[in-house]
Amino acid sequence: MASYSNYRAPPLKHTFMTTERIDKYISNAYFSDVNLRSRLLSKTIEAAEILHYPAKGRFDFEIAKSAAYSPKKVGDSFGPLWSTHWFRVKFVVPEDLTAALKEYEEVLFYWDSSSEATIWDEVKGHPIGAFSCAEPHGNVREYFPVSNEMLSSKRVEFLLEVTCNKDLGEGNGSFIAPPNEKATYSLKRCQMAVRDSRVYSLLTDLKILHDIAKELKDKERGFVALYTANEIVNRLQSTFPDAISKAQELAADYFSQGSGPNQHTVHAVGHCHMDCAWLWPFEETKRKCARSWSATLDLMNRYPNWKFACSSAQQYEWVQHHYPLLFAQIQESVKSGRFIPVGGSWVEMDGYLPSGESMCRQLLYGQSFFLREFGIKSTEFWLPDTFGYSAQLPQIISHFGMNRFFTQKISWNLINKFPHHTFYWKGLDGSCVLSHFAPGDSYHMKGEVGELVKTSTNFEDKGRSNKSLYLFGHGDGGQGPTQDMLENLDRLKDIDGLPRVELSTPAEFFTSIEEKEARNLCTWSGELYLEMHNGTYTTQSKIKWYNRRCESLLHNLEFLSTLAYIHDLSPYPFISLDKLWKGVLLNQFHDVLPGSSIEATHKDARAIYTNIIKEGKALQEELLQQISDKTEGVLTVCNALSWPRTELVAVETACVLGDILQEDLKGRAYQLVSVGALAISQPTMPSFIPVSVKRMKASTPGSSDWILMENSKVYAELDYLGRITWLSVKEEGELKTPSRNLLSGAANQFAVYDDIPLFWDAWDVMGYHQETRRALTDVIAAAVVVEEGPLRGSIEVSIKISDRSYLKQIIVLDAESPYLRVDCEIYWHENRKFLKVEFPLNIVSDHVTYETQFGHIRRPTHRNTSWDSAKYEVCCQRWMDLSDYSVGVSIMNDSKYGCSVTDHSTLHLSLLRAPKAPDANADMGTHRFSYAVMPHTGSFQEAGVIRRARDLNSPLLVKGSLSKIKETSLVVCDQPSIVLDTIKAAECDRNTEVKGPKSLILRCYESYGGSCSARFTIQSHSVDYVAICDGLEKELEQPIVGVGDSQWFITSFSPFQVKTIKVVLL
């Protein structure tokens, strides 16, 4: 037998030439008829029959089993986009195939339909595997193993559900472009083949050696890898019968040389980032989950030593509903510790736009689902792909039992590189969570050498830590880990010159940090601002309007439901409220609420919102009927907020208290009413100073007429464009004289900007847009007085935006109101334009204050550093405020989130954008929304800005019949800084009858930024006990409780602290 004893490789090699030689020897594209890939498949078996059934919809497995199929062949086309097609594929197994198979050979079923597809077990009725297309992103799952049991039947049959979309949708020209609705797909491959596992293994070996040679090209281990790979190629190209075994020995010898115990350790976790919707609709994601997770379970059966982490309780619930047998398999895998639910949230929501209570509900519903269905609670909060992170997230996630946080998105920063990968993140209230950003800058790694090298070299906390998290598996559109990835990682687990790889779990990774490295870590305080995707604070304005409306509606519904519940008027509607909340939470997914999905997804989201509002208002009316008696013609007002309010309401004339002083344009009477906190009762009529609105003649030649608007609190002068030229606070005292002008120029000035980003159309607003400002000064209809008081004054003005777009605004001042409200109607048909309204202020401060979840944060008015400059467009909730020591101005809104400051003191509220990808019609149409301008003396806290912004978003409810409930306020708190954000029935009452003991949940937070001790009084109800709870309503401690006619308790708050309080009634 021939041997290698006299063989010697040439001593000199050209590095580039040798590297390219290896690359071509394993290439799919070059010389694949003679290179190593030509030896991978030894025999192919074509399908005996391919049958096709075009389905009428999704989720029709039972129909597909018995449907009438017609013949198809490889090369045939089908479509269109989003349609479903079922295929039956039948193979006849050659008589000698099974007996002829060698121990290193396996039979695989290859399928390529240019799209995604699911393999079904027709007998058991659940998915067992999946395929994904090779283009355009290389996320390939092209084969499925054929078992010996299947081969033994001599006839192998597959049932496939084929979806007409690729893994990342079907962008027309660019993957983020609007989808090509006319796309068609073709069946490119359908065959079984015998694969030589030795050749497959050597292909993997050579790919890794090739990549090591490239990544470590100037290091000794890189040269050794190059020479080893070259020698393997030489031996495989020889005719020696033991060439393959000798080549395997060479590879094994290289891979056996370990890196040592102190090398950086990569904790590799299988993952499948699954967008609930993005470049595809919600309904397709349900099937993506089934495809990805069935393929994952199949891979786990073949490779038992790896773990898979997966977030989003909503997606688990989808699978539970549509694929119950698959869900049962997942439950078993969770029990074994291999399939790991992470994140604890209902969906991977946006990190800035949802309200604080919405974020709490994300975690309440998510953690509750995991506890109920899997018996576990997540300890890691998981948001790898969200566009920035609120400063209150550390407290909120800690409140729900999670003290660890993972993401990687901040690596997308355009200007500043974030200085840490493993660190403590300190939130607004001082809560700290152990945080990790994957240094490989990705959540869908492929088990490649370059990724490991980047993970190690890019790691910013060397010396403090030597561990990092590495998520492998195709993501965004699903699919997850593959055999190639697991084979790669097995070889890379301990190679000299590379980081060590440990197949792990998120919990094991974080625990290893906590046990050995926690005391070495640095701390980052405050928000995690992403220097990119800041256009998502504004894109898809209607989606954001619906979100705010639904959040407010659910707040009111829970208050009314609680009132009816504790007064034994009706059961608490848990099921109805669950349905409404889940719709809101789903739409807060980080590509839906931010506005970065395709048009079909946004249509679905609007339909969900419309249904929430329809069902919510019906429930609200039902609750009001239950709370009301039969006495008609009595004005009853509901205030669902935790402070008394004096506001203008419009009522039917039959319900008016006292004389009718003014009517609106619909013939309803205006009524100024006062009502207690958290009450539904007959209001009182407060005294007031009439509103004055009148046109003033120009006082000097060449000047224009102007309009005066004033009440007891605000003085304003406006020009013909509706711009505010003078704004001041009425000083206390008999004369009520206005203070100095708080404006440095014309405020309420609309401006439009060019809005052309570098690539991410719906996502990004670039800093250079500020260089293209065009003030809107073309008037269509100059400002006219519409209402003159005494309860309400208003003016109307219409302004041209372009030949395609215009806006109309009604500027309103109510009696006793501290702010001017601007009601806008905008007809918007633009192409990549950005509309803002601006307020130049005569106030000096180095910071603007912005409301965030359960509190507020400060951001600079200057651009001293690159970190300051990067925040040229930022996010807020209901208000922003610029103040000095004595005065300030707040801009409040009912549905806007984007804002900015220029020239140190000009505030901008972002209103509308017009991106064209991935939704070509984003924001086109008519928009209605309101914002308000509130001048004040003293601090914004003392002036009541926090409360007034909440009032703007939660109008008083009016009913024309008497309430059965007699108390003036359900709960009263003696501290103005405490916001009682939510009142609802406790989760433990889900099975409680209408009669009997009841438990309430009060969610409160300290809103000023200071410590206090607060006394809460529960009026007209006897209290059994009170407990401070975590977010999941597990009791932690009991505060001081008093007894008497009115039950009370006292608890202390630190700055911005959130508390969940359970009150158990007798």
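Here the structure is a predicted model, which is why all the values come from computation and not from measurement.

J.: Got a minute to help me understand the overall build of the protein chain in this structure?
T.: From N to C terminus, the protein chain includes 21 helices and 55 strands. By the compact-globule yardstick of 31 Å for 1066 residues, the protein chain fits well, its C-alpha radius of gyration being 33 Å. In terms of principal-axis extent, the alpha carbons of the protein chain reach across some 115 × 70 × 60 Å. Within the protein chain, the proportion of its 1066 residues that are buried is 62%. Contacts spanning at least 24 positions in sequence make up 74% of the contacts within the protein chain whose residues lie at least 6 apart. When the accessible surface of the protein chain is split by element, carbon and sulfur atoms take 50% of a total near 39300 Å².

J.: I would appreciate a short explanation of helix H11 (residues 356–374) in the present structure.
T.: In an α-helix, one full turn covers 3.6 residues, which means residues spaced three or four apart are oriented alike. Taking 1.5 Å of rise per residue, 19 residues should cover 27 Å, and H11 covers 27 Å from first to last C-alpha, within 8% of that figure. A large share of H11 lies buried, amounting to 16 of its 19 residues. Of the residues one or two after H11, Gly375 is the one with positive phi, at around 70°.

J.: Which parts of the structure should I look at to understand the nonpolar core?
T.: Buried together is how nonpolar side chains tend to be arranged in soluble globular proteins. If you look at the biggest cluster of nonpolar residues, it comprises 292 residues, and the most contacted ones within it are Phe109 and Trp111. It is helix H16 (residues 541–566) that contributes the most residues to this core, twelve residues altogether. Within the second largest apolar cluster, 15 residues are counted, among which are Ala309, Leu434, Leu471 and Phe510.

J.: Explanation requested: the environment of Pro281 in the structure shown.
T.: Here Pro281 lies in the loop between strand E13 (265–271) and helix H8 (282–302). Pro281 sits in the buried class, given a relative accessible area of 7%. Each C-alpha atom of the pair Pro281 and Lys603 lies 9.3 Å from the other, and the pair is 322 residues apart in sequence. The contact partners of Pro281, leaving out residues within four places of it in the chain, are Arg58, Trp82, Cys276, Ile598, Thr601 and Asp604.

J.: What is the right way to read the packing of aromatic side chains from this model?
T.: Two measures describe an aromatic ring pair: the distance that separates the ring centres and the angle between the ring planes. One pass over the structure, following the stated rule, counts 59 aromatic pairs. Ring geometry for Trp278 versus Trp280: centroids 6.0 Å apart, planes at 70°, classification edge-to-face. Accessibility classification places Trp278 together with Trp280 in one group, the buried group. Judged by centre distance (6.2 Å) and plane angle (75°), the rings of Tyr316 and Phe339 are edge-to-face.

J.: Would you mind showing me how to read the sheet that holds strand E12 (residues 189–196) here?
T.: What links the strands of a sheet is backbone hydrogen bonding, and the strands pair in either a parallel or an antiparallel sense. Strand order in the open sheet formed by four strands is E1-E12-E6-E9, and the pairing between neighbours is antiparallel. The open sheet has two free edges, formed respectively by strand E1 (41–46) and strand E9 (143–145), since each of these has just one partner strand. Strand-to-strand twist in this sheet, taken as the mean axis angle between neighbours without regard to direction, amounts to 30°. Inspection of the sheet shows E1 paired to E12 by five bridges, in the antiparallel sense.

J.: How should the packing of helix H9 (residues 313–322) against helix H10 (residues 324–335) be read in this particular structure?
T.: The relative placement of two packed helices comes down to the angle between their axes together with the axis-to-axis distance. Axis separation between H9 and H10 bottoms out at 5 Å; the angle between their running directions is 130°. Classified by the interaxial angle, the pair formed by H9 and H10 is oblique. For the pair H9 and H10, contact is made by Tyr316, Val319, Gln320, His321 and His322 and by Pro324, Leu326, Phe327 and Ile330, respectively. For the contact of H9 with H10, a count of residues per class yields six nonpolar, three polar and no charged.

J.: Explain the sheet that holds strand E22 (residues 523–525) to me, please; I cannot follow it from the model alone.
T.: Read from one edge to the other, the open sheet built from five strands follows the order E16-E17-E19-E18-E22, with strand pairing classed as mixed. Edge positions in the sheet fall to strand E16 (380–382) and E22, since each of these pairs with one other strand and no more. Strand-to-strand twist across the sheet, computed as the mean angle between neighbouring axes with direction ignored, equals 30°. Pairing of strand E18 (residues 422–426) with E22, which is carried by three bridges, proceeds in the parallel orientation. The partner of Trp425 across the bridge, within E22, is Trp524.

Thresholds applied
Position labels on residues start from 1 in each chain and follow its written sequence. Since the coordinates come from a predicted model, pLDDT governs what is reported: local features require at least 70, and pairs of side-chain atoms require 80 or more to be given and counted, while whole-chain, interface and lining totals use all residues. Processing note: side-chain calculations cover all non-hydrogen atoms of the structure and skip hydrogens and water entirely. Strands here mean DSSP runs of E at least two residues long; helices mean DSSP runs of H or I at least four residues long; both are numbered from the N terminus. Radius of gyration: over C-alpha atoms. The globule rule applied is 2.2 Å multiplied by the number of residues raised to the 0.38 power. Only protein chains enter the calculation, and the probe is 1.4 Å; a residue is then buried if its accessible area is under 20% of its type maximum, exposed if over 50%, and partly exposed in between. Between two residues, a contact is recorded if the distance between any of their heavy atoms is within 4.5 Å. Residue exposure ignores everything except the shown protein chains as possible cover, and the areas themselves are Shrake-Rupley values with a 1.4 Å probe. Expected span of a helix, by definition, is 1.5 Å for each gap between consecutive residues, and there is one gap fewer than residues. Here, nonpolar core refers to any group of buried Ala, Val, Leu, Ile, Met, Phe, Trp, Tyr and Cys residues whose side-chain atoms link them within 4.5 Å. Between rings of Phe, Tyr and Trp, where Trp is taken as its six-membered ring, a pair exists when centres lie within 6.5 Å; planes separated by under 30 degrees are stacked, by over 60 edge-to-face, and by other angles tilted. Paired strands, as defined in this entry, are two strands with at least two bridges between them according to DSSP. Where helices are involved, their axes are fitted lines through C-alpha atoms of the stretch in contact, as for all axes, and angles between N-to-C directions lie from 0 to 180°. When describing relative orientation, an angle under 35 degrees is termed roughly parallel and one over 145 degrees roughly antiparallel, while 65 to 115 degrees is termed roughly perpendicular and anything else oblique. When residues are sorted by character, Ala, Val, Leu, Ile, Met, Phe, Trp, Tyr, Cys and Pro go into the nonpolar class, Asp, Glu, Lys and Arg into the charged class, and all the rest, Gly among them, into the polar class.

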